Amino acid sequence: MIIIISSRLTCRRKLGKIYLTTGVDVFAKEHSLGKDALELRKEEFDNLLEEKRGSIKGALTDQHLISGIGNVYADEILFQCEIHPKSKTEKLAKKENSGIYSKMRTVLKTAIKNEGQRSQLPNTYLTPQRKEGAQCPKCSGKVEKIKVSGRSTYFCPKCQEELL
Ligand SMILES: [Zn+2]
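One numbering rule holds for all chains: residues counted from 1, following each sequence as written. It should be noted that, the model being predicted, local features are given only for residues of pLDDT at least 70 and side-chain atom pairs only at 80 or more, the latter also being counted only at that level, while totals for whole chains, interfaces and linings use all residues. The basis for the side-chain values is all heavy atoms of the structure; hydrogens and waters are excluded.

1. What to know about the nonpolar core
Buried residues of nine kinds, namely Ala, Val, Leu, Ile, Met, Phe, Trp, Tyr and Cys, make up a nonpolar core once their side-chain atoms join them within 4.5 Å. The rule is simple: take the accessible area with a 1.4 Å probe, protein chains only, and divide by the maximum for that residue type; under 20% is buried, over 50% is exposed, in between is partly exposed. Core analysis: the biggest nonpolar cluster contains 25 residues, and Phe45, Ile56, Leu60, Ile69, Ile77, Ile100 and Met104 have the highest contact counts within it. Numbering of helices and strands runs from the N terminus; a helix is a DSSP stretch of H or I covering at least four residues, while a strand is a stretch of E covering at least two. Looking at which element gives the most residues to this core, the answer is helix H5 (residues 94-113), with six residues. Only heavy atoms matter for contacts: two residues are in contact if any of them lie within 4.5 Å across the pair. When near neighbours in sequence (up to four residues on either side) are disregarded, Ile100 contacts Phe45, Ile56, Leu60, Ile77, Leu78, Cys81, Ile83 and Leu92. Core analysis: the second largest hydrophobic core is formed by eight residues, Ala134, Val143, Tyr154 and Cys159 among them.

What follows is the structure in structure tokens.
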């Protein structure tokens, strides 16, 4: 049987992919994807972070752990929580994990509401200022770019101090 689906994909950064599958659950299982970020309950999120070692940025973007958080939104979630992207998951307090869970939901829902249009995000968001040397939307600091888990990462060193 041939089913023709009329749709289109526009991906300016050419990072998007199209797969054929018989269902979302089948696809997730075949690709060992973690549960969707917006379907995770708080307890499930806490358990995942408790078992994961390494940077919080690496944990949030690990699609086998949690699916649905890309590079840009992981940076935004951590900026909103004022947590340094290199912070080790094992060093984060329960209160910080709760903050990350809450901001993860807020940031993703805001992005979905704005259909991913970065210019439509609130002016307290880092994403529209995602450029090295740009002014932090919360303080007078300058946005910096580093590599975390092999990914370009933007953050404010004044708002997101690194815990040693
Ligand atoms: Zn700042």
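2. Considering a positive patch on the surface
Each patch is built from salt-bridge-free residues with over 30% relative accessible area, joining like charges within 9 Å and nonpolar side chains (Val, Leu, Ile, Met, Phe, Trp, Tyr) within 5 Å. Calculation of accessible area relied on Shrake-Rupley with a 1.4 Å probe; when residues are assessed, cover is drawn exclusively from the protein chains displayed. Each reported salt bridge corresponds to a side-chain nitrogen of Lys or Arg within 4 Å of a carboxyl oxygen of Asp or Glu. When charges are counted, neither His nor the chain ends are considered; positive counts come from Lys and Arg and negative counts from Asp and Glu. The location of each charge is read from NZ of Lys, CZ of Arg, CG of Asp or CD of Glu. Among the surface-exposed residues, Arg12, Arg13, Arg118, Lys145, Lys147 and Arg151 lie close enough to one another that they form a single positively charged patch. You can see Arg118 is positioned in the loop between H5 and strand S3 (144-148).

3. Quick word on the coordination of the zinc ion
Nitrogen, oxygen and sulfur within 2.8 Å of a metal are treated as its donors, or within 3.2 Å for sodium, potassium and calcium (Na, K, Ca); water is not counted, so a site can appear incomplete. Distances from the zinc ion to its protein donors, namely Cys136 (SG), Cys139 (SG), Cys156 (SG) and Cys159 (SG), fall within the range 2.2 to 2.4 Å. Only two sets of limits are used to name each site, 85 to 135 degrees for every angle of a tetrahedral four-donor site, and over 155 degrees for opposite donors with all other angles from 65 to 115 for a square planar four-donor or octahedral six-donor site, with any other site named irregular. Angles of 104 to 117 degrees at the metal separate the four donor atoms of the zinc ion, which places the site in the tetrahedral class. Positions of the donor residues of the zinc ion, expressed as sequence spacing, correspond to C-x2-C-x16-C-x2-C. Here Cys139 is found in the loop between H5 and S3, whereas its partner Cys156 is found in the segment after strand S4 (151-155), with 17 residues between them in sequence.

4. Topic: the pattern of salt bridges
For the structure on display, the rule yields eight salt bridges. Salt-bridge contacts for Glu44 lead to Arg41; the nearest nitrogen and oxygen are separated by 3.6 Å. When the shortest N-O distance is used, the salt bridge between Asp46 and Lys42 registers 2.6 Å. Remark: Lys42 and Asp46 occur in helix H2 (residues 42-51); sequence separation between them is four residues, near one turn of the helix. The class for Asp46 is partly exposed, based on a relative accessible area of 21%.

5. A few points about the side chain of Gln80
Inspection of the secondary structure assignment puts Gln80 in helix H4 (residues 71-81). Accessibility expressed as a relative area gives 14% for Gln80, which makes it buried. At a separation of 2.8 Å, a polar atom in the side chain of Gln80 contacts the side chain of Glu76. Definition of a polar contact: a pair of N or O atoms within 3.5 Å, with one able to donate and the other able to accept a hydrogen when the atoms are protein atoms, and with sequence-neighbouring residues admitted only if both atoms are side-chain atoms. There is a polar contact of 3.1 Å between the side chain of Gln80 and the backbone oxygen of Thr124.

6. Some thoughts on the packing of aromatic side chains
Note on aromatic contacts: the rings of Phe and Tyr and the six-membered ring of Trp form a pair at centre separations within 6.5 Å, being stacked when their planes are under 30 degrees apart, edge-to-face when over 60 apart, and tilted otherwise. Scanning the entire structure with this criterion turns up two aromatic pairs. Residues Phe45 and Tyr101 carry aromatic rings whose centres are separated by 5.3 Å and whose planes lie at 55 degrees to one another, so their mutual orientation is tilted. Of the two residues, Phe45 sits in helix H2 while Tyr101 sits in helix H5, which places them 56 residues apart along the sequence. The pair formed by Phe45 and Tyr101 is uniform in burial state, with each residue classed as buried.

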